[in-house]
Amino acid sequence: MRRAHGRTATTRIALISAGTAAVLGLGGFSAGTAAAAGTPAPDRTAAPTGAAPAALGQQVLSTFTVAYPAAPYRTHNIARAVELINGAVVEQGDIWSFNQAVGERTVENGFVDGIMINDGRYVKSPGGGVSAVATTMYNAMFFAGLKPVEHGAHSFYIERYPEGREATVAWGTLDLRWQNDSGHPVTVRASSTDKSVTVTLLGTKQYDEILATKGPRTHVTPPVKRTVAGPTCEPQTPLEGFDVSVDRVFVRGGHEVGRETFRTHYTPRDEIVCAPESPTATPGATPAASGSPSASGSPSASAPSVPASPAVSASPSAS
């Protein structure tokens, strides 16, 4: 078994009950192994490069930016999460936790209602949008070569994220956690605009380069069409489900010195059509007397105005 950055990589699965996962609509969890079978797929993504002010002489280990469609709730919640994680210093051996750093996504903690995934579909929920920050942090950790401890993907694939390299969080159930096993302190720098969020990790480089190689989609599953009633319904476009594997490749001195494989399962994103409300009688109307002309023209409720589902783009980002 090969070693990845000084440790033997073993399978890592975030622990969560099947029932809870079904309720939250959580997708496949990360699993890493040191064994790399076969030749990697040709899709190769080099570790993102960029500039960030070094702290105390630290080097830029990685920097990653996620772009997303602007929306007031998303901009607000992402900015609040960024404010809570920016400037953190993670000492050697310590574990960084998204839920611990950001806290519960409540009004009291500065968050507003937004769009999240629940039971395989978009719904309104407090803190919607913070998964963009989780995905950005996950990729920064990935390309910094740090050790993932816990993470879970969205239940279905969102096109603006990198396949197999994205993360979601759920307070009290699913966290994003990584351990600083670099041998030196790591500093978190985070910033956001109304359309993007960036996370940069500063520390002492252990590798010349870290690459990501993505395999083909397998076990492709088609979506179905569902009609949903109720004021919380959000329309949703269909997308197939699939499995995908991503290798993290560690390079030092021009040679591969370690490799880990992360496997993700995405369920189909079903098409959601929001049903109009049922017709209702005019409030206070008096039934027509027997034998008299029946009341006519009583208005029925029209279909409610339903906000569009969050737009998705081909660039990396989160819900």
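Here the residue numbers are simple positions, counted from 1 along each chain's written sequence. The predicted nature of this model means local features are confined to residues of pLDDT at least 70 and side-chain atom pairs, given and counted, to a pLDDT of 80 or more, with totals for whole chains, interfaces and linings taken over all residues. Neither water nor hydrogens contribute to the side-chain values; these are computed over all heavy atoms in the structure.

(A) Summary view of the sheet that holds strand β7 (residues 95-97). Think of it this way: DSSP has to see at least two bridges between two strands before they count as a pair. Working definition: helices are DSSP H or I runs of at least four residues, strands are E runs of at least two. Numbering for both runs from the N terminus. Here we have three strands laid out as an open sheet, ordered β7-β12-β10, and antiparallel in their pairing. With partners counted over all chains shown, the strands left at the sheet margins are β7 and β10 (147-150), one partner each. Averaged over all adjacent pairs, the angle separating strand axes in this sheet is 25°, with direction ignored. Sheet topology places β7 next to strand β12 (residues 177-179); three bridges connect them, and they run antiparallel. Paired with Trp-96 across the strands is Trp-178, a residue of β12. Angles here are taken between N-to-C directions and fall from 0 to 180 degrees, while the axes themselves are lines fitted to C-alpha atoms, restricted in helices to the stretch in contact.

(B) View of the packing of aromatic side chains. To pair, rings of Phe, Tyr and Trp, with the six-membered ring standing in for Trp, must have centres within 6.5 Å; the planes then decide the type, stacked if under 30 degrees apart, edge-to-face if over 60, and tilted in the middle. What the rule picks out here adds up to ten aromatic pairs. Between Phe-142 and Phe-143 the ring centres are 5.0 Å apart and the planes differ by 70°, which places this aromatic pair in the edge-to-face class. Their ring planes at 50° and their centres at 5.1 Å tell us that Tyr-207 and Phe-250 sit as a pair that is tilted. Of the two residues, Tyr-207 sits in the loop between β14 (196-203) and β15 (209-214) while Phe-250 sits in strand β18 (residues 241-252), which places them 43 residues apart along the sequence. As far as the burial class goes, Tyr-207 and Phe-250 line up, both buried. Joined through ring pairs, the aromatic side chains of Phe-64, Tyr-138, Phe-142, Phe-143 and Phe-262 make up one cluster. Sitting above the plane of the Phe-142 ring, Arg-165 keeps its charged end 5.8 Å from the centroid. Lysine and arginine charges are scored as sitting over a ring when NZ or CZ, respectively, is within 6 Å of the ring centre and within 35 degrees of the ring normal. Across from the ring centre of Phe-242, 3.9 Å away, lies the NZ or CZ of Arg-217, which sits over that ring. When accessible area is computed with a 1.4 Å probe and restricted to protein chains, residues below 20% of their type maximum are described as buried, those above 50% as exposed, and intermediate ones as partly exposed.

(C) Highlighting the sheet that holds strand β13 (residues 186-192). The four strands lie next to each other as β5-β14-β13-β6, forming an open sheet whose pairing is antiparallel. For this open sheet the edge positions go to β5 (59-67) and β6 (89-90), each flanked by a neighbour on one side alone. For this analysis, residues touch if any pair of their heavy atoms sits within 4.5 Å. Relative to β13, helix α2 (residues 72-85) is tilted by about 160°, and along the sheet it contacts β13 and β14. This element, helix α4 (residues 131-144), spans β5, β13 and β14 of the sheet and lies at about 145° to β5.

(D) Structural detail: α4. Across its 14 residues, α4 extends 20 Å between first and last C-alpha, which sits within 8% of the 20 Å expected from 1.5 Å per residue. When you tally the buried positions in α4, you get 14 out of 14 residues, the bulk of the element. Where α4 terminates, the next one or two residues include Gly-145, which has phi positive at roughly 80°. Here the expected length of a helix is defined as 1.5 Å per residue gap, with one fewer gap than residues.

(E) Seen up close, the nonpolar core. Buried Ala, Val, Leu, Ile, Met, Phe, Trp, Tyr and Cys residues that are joined via side-chain atoms within 4.5 Å together make up what is termed a nonpolar core. Core analysis: the biggest nonpolar cluster contains 44 residues, and Phe-98, Met-137, Leu-176, Trp-178 and Leu-201 have the highest contact counts within it. Put simply, the parts of the chain that give this core at least two residues each are β5, α2, α3 (98-102), α4, β13, β14, β15 and β18. Of all the elements, α4 adds the most residues to this core, at ten residues. Of all hydrophobic cores here, the second largest spans six residues; its members include Ala-153, Tyr-157, Leu-239 and Phe-242.

(F) Inspection of the packing of α2 against α4 at higher detail. Contact geometry for α2 and α4: axes closest at 8 Å, N-to-C directions at 45°. The angle between α2 and α4 falls in the class oblique. Together, Ile-78, Ala-81, Val-82 and Ile-85 of α2 and Ala-132, Val-133 and Met-137 of α4 make up the contact between the two elements. Throughout this entry, Asp, Glu, Lys and Arg are counted as charged residues, while Ala, Val, Leu, Ile, Met, Phe, Trp, Tyr, Cys and Pro are counted as nonpolar. The remaining residues, Gly among them, count as polar. Its residues assigned to classes, the contact of α2 with α4 comprises seven nonpolar, no polar and no charged. Oblique is the label for every angle not falling under 35 degrees (roughly parallel), over 145 degrees (roughly antiparallel), or within 65 to 115 degrees (roughly perpendicular).

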